[in-house]
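Per-entry structural report
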Amino acid sequence: MINHEVEGLGWDLIGWDADDVAAHVTSMTRDEILRLNTLFPERGEDELLTTAVYPIAPERYAAIRNAVPRLEFKADLEYHIGGFRLP
């Protein structure tokens, strides 16, 4: 069961370039994460994707865009998604 009451969290989809620079960052909402979380079976009980940073293989791009159509993936970047505590 997902705990919808967790406050103070944020999420980013980050595309890293060959120099390990965050070249493409997209902030995400809790609702978007809830639409995506089942696409990450490796998350275990981390239902809000907040306890780790999850790599996104290019094979997952289409499924992720189907769940959250506004998300974009740029060529030659390595993508990860993860949550963090807001200050």
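Read on for a plain summary of the structure. (Residues numbered from 1 in each chain as written. Predicted model: local features only at pLDDT ≥ 70, side-chain atom pairs only at ≥ 80, totals over all residues. Heavy atoms only, no water.)

Attention now goes to the pairing of strand S1 (residues 9-16). Counting buried residues in S1 gives seven out of eight residues, a clear majority hidden from the surface. Of the pairings in the sheet, the one linking S1 to strand S4 (residues 78-85) comprises eight bridges and is antiparallel in character. Bridge pairing in S4 links Leu13 to Ile81. Direction of pairing for S1 relative to strand S2 (residues 22-28): antiparallel, over a ladder of six bridges. Within S2, the residue paired with Trp16 across the bridge is Ala22. Connecting the antiparallel pair S1 and S2 is a turn made up of five residues, with Asp20 showing a positive phi of about 60 degrees. (Buried < 20%, exposed > 50% of the residue type's maximum accessible area, 1.4 Å probe, protein only. Helix = DSSP H or I, 4+ residues; strand = E, 2+ residues; numbered from the N terminus. Pairing = 2+ DSSP bridges.)

Moving on to the packing of aromatic side chains. How two aromatic rings sit relative to each other is given by the distance of their centres and the angle of their planes. All told, the structure shown has four aromatic pairs when counted by the stated rule. Ring geometry for Phe40 against Tyr54: centres 6.0 Å apart, planes inclined by 55 degrees, an arrangement best described as tilted. On the criterion of sequence distance, the pair formed by Phe40 in the loop between helix H1 (30-36) and strand S3 (53-56) and Tyr54 in strand S3 is long-range, its members being 14 residues apart. Neither residue differs from the other here; Phe40 and Tyr54 are each classed as buried. (Phe/Tyr/Trp six-rings, centres within 6.5 Å; stacked < 30°, edge-to-face > 60°.)

What follows deals with the sheet that holds S3. Pairing is antiparallel in the open sheet, where four strands are placed in the order S2-S1-S4-S3. Here the strands that pair on one side only, and so sit at the sheet edges, are S2 and S3. On average, each strand axis in the sheet is tilted by 25 degrees relative to the strand beside it, whichever way the strands run. (Axes fitted to C-alpha atoms, helices over the stretch in contact; angles between N-to-C directions.)

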